[in-house]
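Listed below, chain by chain, are the residues.
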Amino acid sequence: MPSDPARARYAEALLMDRTSDLILSRKFREAAQLLKRIVAQNPKNLRALGRLLTVMAQIGQRKEAIALLNQYGDDARILAGGTDLIVQMKMERIAPEYI
């Protein structure tokens, strides 16, 4: 990725768009490869991580997806839905850096 932060974000956004196209075309393995590259370059891109975990589950890599998720500890977790997240934040049980 380019060294300029704005260019890097733009390049990453283009790659994320490409993953959307691959997923819509049901090319899950290709999407997983690209998402792994994005996450390797920017481990704080939890949107890419979430998408990667979903794609990995779709192609039968559930154990690998759980292992990857576990690497993030409390920084990333699976929640039942947005309502659960909001309640937990209001009760100050969690304060995620990224949503």
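Residues numbered from 1 in each chain as written. Predicted model: local features only at pLDDT ≥ 70, side-chain atom pairs only at ≥ 80, totals over all residues. Heavy atoms only, no water.

Caption draft 1: Local environment of the overall build of the chain. Within the chain, the regular secondary structure consists of five helices and zero strands. The N-to-C order of helical and strand elements in the chain reads α-α-α-α-α. Burial statistics for the chain: of 99 residues in total, 31% are counted as buried. In the chain, of all internal contacts separated by at least 6 residues, the share reaching a separation of at least 24 is 36%. (Helix = DSSP H or I, 4+ residues; strand = E, 2+ residues; numbered from the N terminus. Buried < 20%, exposed > 50% of the residue type's maximum accessible area, 1.4 Å probe, protein only. Contact = heavy atoms within 4.5 Å.)

Caption draft 2: A look at the packing of helix α2 (residues 28-41) against helix α3 (residues 46-58). Their axes nearest at 9 Å, the elements α2 and α3 cross at an angle of 150°. Between α2 and α3, the interaxial angle falls into the category roughly antiparallel. The interaxial crossing formed by α2 with α3 has left-handed handedness. Here F28, A31, A32, L35, K36, I38 and V39 of α2 lie close against α3, whose contacting residues are A48, L49, R51, L52, V55, M56 and Q58. Grouping the constituent residues of the contact of α2 with α3 by class yields 11 nonpolar, one polar and two charged. (Axes fitted to C-alpha atoms, helices over the stretch in contact; angles between N-to-C directions. Parallel < 35°, antiparallel > 145°, perpendicular 65-115°, else oblique. Left-handed = near helix turned anticlockwise from the far one by under 90°. Nonpolar A, V, L, I, M, F, W, Y, C, P; charged D, E, K, R; others polar.)

Caption draft 3: Up close: the nonpolar core. Grouped together as the largest cluster of nonpolar side chains are 23 residues, with contacts concentrated most on L35, I38, L49, L52, L68 and Y72. For L35, the residues in contact, after removing those within four places along its chain, are M16, T19, A48, R51, L52 and V55. (Core = buried A, V, L, I, M, F, W, Y, C linked by side-chain atoms within 4.5 Å.)

Caption draft 4: Structural view of the side chain of N45. Along the chain, N45 falls in the loop between α2 and α3. Given the relative accessible area of 11%, N45 is considered buried. At 3.2 Å, the side chain of N45 and the backbone nitrogen of R47 are in polar contact. Setting aside chain neighbours within four positions, we find N45 in contact with E12, M16 and I38. (Polar contact = N/O pair within 3.5 Å; in protein donor to acceptor, adjacent residues only side chain to side chain.)

Caption draft 5: Looking closely at the side chain of E12. Looking at the secondary structure, you find E12 in helix α1 (residues 5-24). Within polar-contact distance, the side chain of E12 engages the side chain of N42 at 3.1 Å.

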